[in-house]
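Next come the chains, spelled out residue by residue.
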Amino acid sequence: MSYDLVVIGGGPGGYVCAIRAAQLGMKVACVEKRGALGGTCLNVGCIPSKALLQSSHLYEQTQHELAEHGITVGSVSVDIATMIKRKDKVVSDNTAGIEFLFKKNKIDYIKGAGKITAAGTVDVTGETNTTLTTKNIVIATGSDVTPLPGVTIDEKQIVSSTGALSMTSVPKKMVVIGAGVIGLELGSVYRRLGAEVTVVEFLDVILPPMDGEVRKQMQRLLEKQGLAFRLGTKVTGAVASEAGVSLTLEPAAGGEASTLDADVVLVAIGRRPYTEGLGLDSIGLAANARGFIEVDHDYQTAVQGVFAIGDVIGGMMLAHKAEEEGVAVAELIAGQSGHVNYGAIPSVVYTHPEVAMVGKTEEQLKDAGVAYKVGKFPFTANGRARANGCTDGFVKVLADAKTDRVLGCHIIGPEAGDLMQEVVVAMEFGASAEDVARSSHAHPQLGEAIKEAMLAVDKRPLHV
Ligand code: FAD
Ligand code: NAI
């Protein structure tokens, strides 16, 4: 078969790229070896984790939050098998949705592992083996779990995020290695379901890329909810037996070793690019020292007609970043001027409350010597947050001291991820804090906290 474009990998980067390219009139195939479209995100990432976050949040609310509303329920229990079954259905409905979109856009979904054998040639090994010839190739093979030496993942007692999304029971004691996004989201799921959760983190802080003030407050909130943290600590080994897992810990700076026991250990220390079996060497390409495929401004690798996008090229390992790159590269291949604004890509942690950020942190602005103003507004002063009973957190806006242009925003709070979208659009259009502050915000809405934080940049908030 001969194509204009063959995309290798059917994750958010690859499948979105395939759809956009088909919209632009190209004859497109997408090769995926997982047996389902949607990549890490839909199958073992964003979507299943959010399904379990939602189920476990409902369980916790039912147990602890309904009574103050005057609602009484009988005894509350959780059936993990049903919860996991629901999660699996959410996943399969979503992945089937992408197959439908492929049919609608006349994209050939080729099931199997793609291997580049020459520029313009992809061999597929799968149900049927086939060779595809194409004018262009987009590599969108994503990422995989970073292993931790001495802590062997068996997906039963020592699990990666994939195993943690399909557990058959709630462990009594769980240790999470890594206080990053996966550790805090999935650690929260099992804490809500009744596990005693300890998070061991190498650094002295949780959520390393976030604004310092956000990191501190979020740690306090999570501790209040019952998560325990061992910061500045490294795990040097694990022994699994029928009795559970015994971990050996050491202070990150060096010192005396100690042990920590758990029924289940979740390894969540990051993800690494995935290029196994892709055949990069057959076209003279090599991944860089960290395993990423290097590309230029137009996502072109060192080989003409071979492009790469998504987790496999590094940067923020986020589904929506991969999607934006998928659209941009399809447009560039079609001769248009696709572009991604990396300065306005939001990042959200789906704990309760949520944490969201876009743009620069206060630490980054200080390091870069940029003069900035800060506007802050707490959710305790927002009427809707009080009515909803979710007053933890704040909105913090960073704006240029001279021009008032919004440079960054950080939110801990109810629906922080959805709320952040207005700031993303504002930043995309180069808005000033005053522009957002002068926009009418419906009352009573959580979003009024954003307006107030923008007003606070100019020291004139109305409700604090
Ligand atoms: P992937 O989604 O990894 O897709 C790559 C695909 O390529 C895979 O399906 C793989 O099977 C296939 N493939 C690889 N090699 C070949 C080959 N040779 N031939 C054929 N197919 C191949 N991001 C967010 O933005 N929001 C979230 O809430 C979020 N939650 C997450 C939760 C978890 C637990 C995890 C693990 C990740 C989460 N992420 C989240 C990150 C997100 O999943 C990734 O950033 C995103 O999936 C990257 O998309 P991608 O298309 O680059 O790669
Ligand atoms: P991460 O990079 O977010 O966090 C990893 C944490 O582990 C860091 O705090 C790091 O300091 C720590 N760490 C590293 N080595 C360690 C060690 N040896 N011992 C103890 N701690 C160690 O990675 P995570 O949580 O695994 O997530 C992977 C990727 O998936 C992230 O890049 C993230 O972007 C994406 N993701 C996004 C989500 C979202 O957008 N809501 C949800 C889940 C994942």
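- If you check an unreviewed UniProt entry, the chain appears there as Dihydrolipoyl dehydrogenase from Insolitispirillum peregrinum.
- As stated in UniProt under Catalytic activity (unreviewed entry), the record for the chain gives "N(6)-[(R)-dihydrolipoyl]-L-lysyl-[protein] + NAD(+) = N(6)-[(R)-lipoyl]-L-lysyl-[protein] + NADH + H(+)".
- The chain has a UniProt comment under Sequence similarities (unreviewed entry) that states "Belongs to the class-I pyridine nucleotide-disulfide oxidoreductase family."

Thoughts on the domain arrangement of the chain
Move 1: Domain parsing of the chain yields domain 1 (2-144 + 272-340), domain 2 (158-269) and domain 3 (344-457).
Move 2: Taken over C-alpha atoms, the centre of domain 1 sits 28 Å from the centre of domain 2.
Move 3: Tallying the contact residues gives 13 residues for domain 1 and 14 residues for domain 2.
Move 4: Broken down by secondary-structure element, the contributors of at least two residues to the side of domain 1 that touches domain 2 are α3 (46-64) and α4 (80-104).
Move 5: Residues belonging to the side of domain 1 that touches domain 2 are distributed by class as follows: 8 nonpolar, 3 polar and 2 charged.

Considering the UniProt feature "binding site: NAD(+)" (unreviewed entry) in the chain
Move 1: The UniProt record annotates "binding site: NAD(+)" (unreviewed entry) at Gly178, Ala179, Gly180, Val181, Ile182, Gly183, Leu184, Glu185, Glu201 and Gly270.
Move 2: Following the sequence through the fold, Gly180 ends up in the loop between β8 (173-177) and α6 (181-192).
Move 3: For Gly180, a count of 21 C-beta atoms within 10 Å gives the class buried.
Move 4: Discounting residues that sit within four places of it in the chain, Gly180 has contacts with Leu207, Ala268 and Gly270.
Move 5: The residue Gly270 is located in the loop between β14 (264-267) and β15 (271-273) in this model.
Move 6: For Gly270, a count of 14 C-beta atoms within 10 Å puts it in the partly exposed group.

Re the site of ligand 2
Move 1: Around ligand 2, the surrounding shell holds 25 residues, and the nearest of these are Gly178, Gly180, Ile182, Phe202 and Ile269.
Move 2: At the level of secondary structure, the elements contributing two or more residues to the shell around ligand 2 comprise α6, β11 (233-241) and β17 (347-349).
Move 3: If you tally residues by element for the shell around ligand 2, the top one is α6, at 4 residues.
Move 4: Of the residues assigned to the shell around ligand 2, the class counts are 17 nonpolar, 4 polar and 4 charged.

Regarding the UniProt feature "domain: Pyridine nucleotide-disulphide oxidoreductase dimerisation" (unreviewed entry) in the chain
Move 1: Those places that UniProt annotates as "domain: Pyridine nucleotide-disulphide oxidoreductase dimerisation" (unreviewed entry) correspond, in this numbering, to residues 345-453.
Move 2: Helix makes up 33% of residues 345-453 and strand 28%. Its end C-alpha atoms lie 20 Å apart.

Some remarks on α3
Move 1: Counted at 1.5 Å a residue, the expected span for α3 with its 19 residues is 27 Å, and the 26 Å between its end C-alpha atoms agrees.
Move 2: All of the buried residues along α3 are Cys46, Pro48, Ser49, Ala51, Leu52, Ser55 and Ser56.

Focus: the nonpolar core
Move 1: By size, the foremost hydrophobic cluster in this structure holds 83 residues, and its most contacted members are Ile177, Val265, Leu266, Val397 and Val406.
Move 2: Top element by residues in this core is helix α13 (residues 448-457). It accounts for 7 residues.
Move 3: One finds Ala18, Val138, Leu278 and Val329 within the second-largest nonpolar core, a separate group that totals 52 residues.

Quick word on the sheet that holds β11
Move 1: Within the open sheet, the 3 strands sit side by side as β11-β12-β13. Their pairing is antiparallel. For this open sheet the edge positions go to β11 and β13 (258-262), each flanked by a neighbour on one side alone. When the angles between neighbouring strand axes are averaged without regard to direction, this sheet yields 25°.

Let's talk about the packing of helix α1 (residues 12-23) against helix α8 (residues 319-333)
Move 1: At a minimum axis distance of 7 Å, the contact between α1 and α8 shows a crossing angle of 35°. α1 and α8 meet at a crossing whose hand is right-handed. Counted together, Pro12, Gly13, Gly14, Val16, Cys17, Arg20 and Ala21 of α1 and Ala319, Ala322, Glu323, Glu325, Gly326, Val327, Val329, Ala330, Glu331 and Ile333 of α8 form the full contact between these two elements.
Move 2: Taken together, the residues that form the contact of α1 with α8 break down as 10 nonpolar, 3 polar and 4 charged.

A word on the site of ligand 1
Move 1: The environment of ligand 1 is made up of 36 residues, and the closest members are Gly9, Gly11, Gly39, Gly142 and Gly310.
Move 2: At the level of elements, α1, β2 (28-32), α2 (39-44), α3, β3 (108-118) and α8 are the ones that each hand at least two residues to the shell around ligand 1.
Move 3: Residues belonging to the shell around ligand 1 are distributed by class as follows: 15 nonpolar, 17 polar and 4 charged.

Focus: the sheet that holds β17
Move 1: One open sheet holds the 5 strands; their spatial order is β17-β18-β21-β20-β19, and the pairing between them is antiparallel. Bordering the open sheet on either side are β17 and β19 (372-378), each of which pairs with just one other strand. Averaged over neighbouring strand pairs, the angle between their axes works out to 10° when direction is ignored.
Move 2: On the sheet, helix α11 (residues 416-428) packs against β17, β18 (354-359) and β21 (406-413) and is oriented at approximately 10° with respect to β18.
Move 3: Packing of α13 onto the sheet brings it into contact with β19, β20 (394-400) and β21, and relative to β19 it is tilted by some 140°.

Quick notes on unusual backbone geometry
Move 1: A cis amide bond, omega 0°, links His352 with the succeeding residue Pro353.
Move 2: Among the secondary structure elements, Pro353 is positioned in the loop between β17 and β18.
Move 3: Of the consecutive residues His443 and Pro444, the connecting peptide bond is found in the cis state with omega at -5°.
Move 4: Within the secondary structure, Pro444 is located in the loop between α12 (433-437) and α13.
Move 5: A positive phi angle, near 55°, is found at Lys106, a position not held by glycine.

Concerning the environment of Lys216
Move 1: Structurally, Lys216 is set in helix α7 (residues 212-225).
Move 2: Along the sequence, Lys216 and Val205 sit 11 residues apart, while their C-alpha atoms lie 7.8 Å from each other.

Reading the values: rules and limits
Residues numbered from 1 in each chain as written. Chains lettered and ligands numbered in written order. Predicted model: local features only at pLDDT ≥ 70, side-chain atom pairs only at ≥ 80, totals over all residues. UniProt positions renumbered as here; feature names shortened; annotations may be inferred. Domains from an automatic or database assignment. Contact = placed C-beta atoms within 7 Å. Helix = DSSP H or I, 4+ residues; strand = E, 2+ residues; numbered from the N terminus. Nonpolar A, V, L, I, M, F, W, Y, C, P; charged D, E, K, R; others polar. Buried ≥ 20, exposed ≤ 12 C-beta atoms within 10 Å, placed from the backbone. Near = placed C-beta within 6 Å. Expected span 1.5 Å × (residues − 1). Core = buried A, V, L, I, M, F, W, Y, C linked by C-beta atoms within 7 Å. Pairing = 2+ DSSP bridges. Axes fitted to C-alpha atoms, helices over the stretch in contact; angles between N-to-C directions. Left-handed = near helix turned anticlockwise from the far one by under 90°.

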